[in-house]
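Architecture and fold: a report
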Amino acid sequence: MKKIVALIIAAGICAAVLPAAACTRENERTSYDITCSYDKQSRTLTAECAVDYKNTGAETENVKFNLYANAYREGALYKPVSDELTQKAFYNGTSYGEMEITGVTGGEWSLGGEDENILEVTLPEPLKEGESCEIVINYTLTLAEVNHRTGVTENTVNLGNFYPVACARTDDGGFFECVYYSDGDPFVTDCADYMVEITLPEGYSAATSGKEQSASGNTHTYALNNARDFCLVLSDEFSTLSQTVDGTKVTYYYYSDESAQKKLDAACESLAYFNDTFGQYSYPTLSVVQTGFAAGGMEYPALTMINDGLSEADSVYAIVHENAHQWWYAMVGSDQVNCAWQDEGLAEYSTLLFFENNTQYGFTRTGLINTATSEYRAFFTVYNQIFGDADTTMTRHLKDFVSDYEYVNIAYNKGLILFDTLRTSIGDERFLAALKSYFSDYSGKIATPDDLIKCFYDTGVDINGFFESFIEGKIII
């Protein structure tokens, strides 16, 4: 997620229908077949999500799903929007939404988790590692009026995290349950395949993560493979500009932009640069979408949300940053809950690399480093005065950040400084070679900080102490 703007009903536990028997087809990974319809008058999405679940962990008797959209309900334990962004996000005042599960086939089900954020399906028989089972989830998603990942904005409908998402497996055989913290991006997700059919209101069009497969009247079907998420943004106001880059169709969706061509150019040129610098983009399309969003932007595989209130320069910056996340989040995953710097810092530094090599946009390496350094030092001074000792450790849980301000300075600014210091120390050739290896080795996977560090170590330099000094907060900046 881009940092620019960040700086400034309880559901009951029900008995399931009769469970279907677990199957053992050898699918490569989990797949979602989602059929849904959006009603603009009631702000509701009615959906059926058929999941062909592939067990990638230890034998289990249940499957768990993250219900991210339930964080918008009244009475939620954790607010989906930070205090700093609440007024900007809720443009019509307080508004609520929820994800109501109306039925599940494939096992007995219940709602739970720390904040009613987990759907747990108990299977009729244990599912061994490598085996698959069918689970069908029917639900109704009511959207809040909010400029955020999931909600109705003044000009669009944002459908990020709009379906039950299978929890990634943990090393100890459990499930990674993601509470929807407002600071950062609380997502740890395995790649999956998607087929999404949506019936739109009359006059609406959709920007999506997938490539359109068919259309009949207002009903459209999209496909996307080997992706961490699927996202849609709906509107009856979209204009579009498109261009093909290295075989990828890039489309800019907008409704109020006098410099739309410049935004498309930035999207296309950054895609081409990252292709050359890190490795080939995996998906057939890329949607860059102007929408209501309280922060600068938000990344999803093959789709990026860009805040419609940004200046031209900030909008271009956000587009490039979110495009960088196609490499560092969408294709190469990481634990964003505990190691936010790993993708945000790398996305921020990849943005610097692009602008350093595309000076027509007015951003320079020196300027970006100086800005990040001055902002970080200001944070350090303020937090030292408030708390007596500023916490500058980088690998920590999202719940341990005191504010958006602290999160931004640790994940973004210190992350950028880390990678620039490393590049200066080992040279461009080794630095870029390590990032190419990181992308090649971990695309489609969830990489750990040690995986990233190893890629730099394998270039022939001993940098273990270097990363430790930054991550553990020992270095003075």
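Quick caveat: nothing in here was measured; it's all calculated off a predicted structure.

Conventions and cut-offs
Residues numbered from 1 in each chain as written. Predicted model: local features only at pLDDT ≥ 70, side-chain atom pairs only at ≥ 80, totals over all residues. Heavy atoms only, no water. Helix = DSSP H or I, 4+ residues; strand = E, 2+ residues; numbered from the N terminus. Buried < 20%, exposed > 50% of the residue type's maximum accessible area, 1.4 Å probe, protein only. Polar contact = N/O pair within 3.5 Å; in protein donor to acceptor, adjacent residues only side chain to side chain. Contact = heavy atoms within 4.5 Å. Pairing = 2+ DSSP bridges. Axes fitted to C-alpha atoms, helices over the stretch in contact; angles between N-to-C directions. Salt bridge = Lys/Arg side-chain N within 4 Å of Asp/Glu carboxyl O.

On to the side chain of Q290. By the secondary structure assignment, Q290 is in strand β18 (residues 285-291). A relative accessible area of 5% means that Q290 is categorised as buried. In terms of polar contacts, Q290 uses its side chain to reach the backbone carbonyl oxygen of S256, at 2.9 Å. Discounting chain neighbours no more than four positions away, the residues touching Q290 are T156, F238, Y252, Y253, Y254, Y255, S256, D257, I306 and D308.

Turning to unusual backbone geometry, a few remarks are in order. Even without a glycine there, the phi angle at R43 is positive, about 55 degrees. The partly exposed category is assigned to R43, whose relative accessible area is 23%. At D246, a residue that is not glycine, the phi angle is positive and equals roughly 50 degrees. Relative to the elements of secondary structure, D246 occurs in the loop between β16 (239-245) and β17 (248-254). Relative accessible area serves as the criterion here: at 46%, D246 is assigned to the partly exposed category.

So, about the sheet that holds β16. Read across the open sheet, the 5 strands follow the order β16-β17-β18-β20-β19; overall the sheet is mixed. In the strand order of this sheet, the two ends are held by β16 and β19 (297-300), each with one partner. The average undirected angle you get between the axes of adjacent strands in this sheet is 15 degrees. With 5 bridges connecting them, β18 and strand β20 (residues 303-307) associate as parallel partners. Among the inter-strand pairings, T291 is bridged to a residue of β20, identified as N307. Helix α3 (residues 260-277) rests against β16, β17 and β18 of the sheet, and its axis sits at about 25 degrees to β16. Docked against the sheet, helix α4 (residues 312-324) engages β18, β19 and β20, running at close to 155 degrees with respect to β20.

This part covers the sheet that holds strand β12 (residues 205-208). Spatially, the 4 strands line up as an open sheet ordered β8-β9-β15-β12, and their pairing is antiparallel. Each end of this open sheet is capped by a strand with a single partner; those strands are β8 (150-152) and β12. The average undirected angle you get between the axes of adjacent strands in this sheet is 15 degrees.

Next up on the list: the pattern of salt bridges. Using the criterion set out here, one finds 19 salt bridges in the structure. R365 is paired through a salt bridge with E356; the nearest N and O atoms lie 3.8 Å apart. You can call R365 partly exposed: its relative accessible area is 24%. Under the relative-accessibility criterion, E356 is labelled partly exposed at 26%. Where salt bridges share partners, they join E356, R365, D420, R423 and D428 into one cluster.

Looking now at the environment of R365. Its location among the elements puts R365 in helix α6 (residues 365-387). Taking the C-alpha atoms as reference, R365 lies 9.8 Å from T351; in sequence the two are 14 residues apart. Leaving out residues up to four positions away in the same chain, R365 has contacts with Y349, L352, E356, D420, R423 and T424. Within polar-contact distance, the side chain of R365 engages the side chain of D420 at 2.9 Å.

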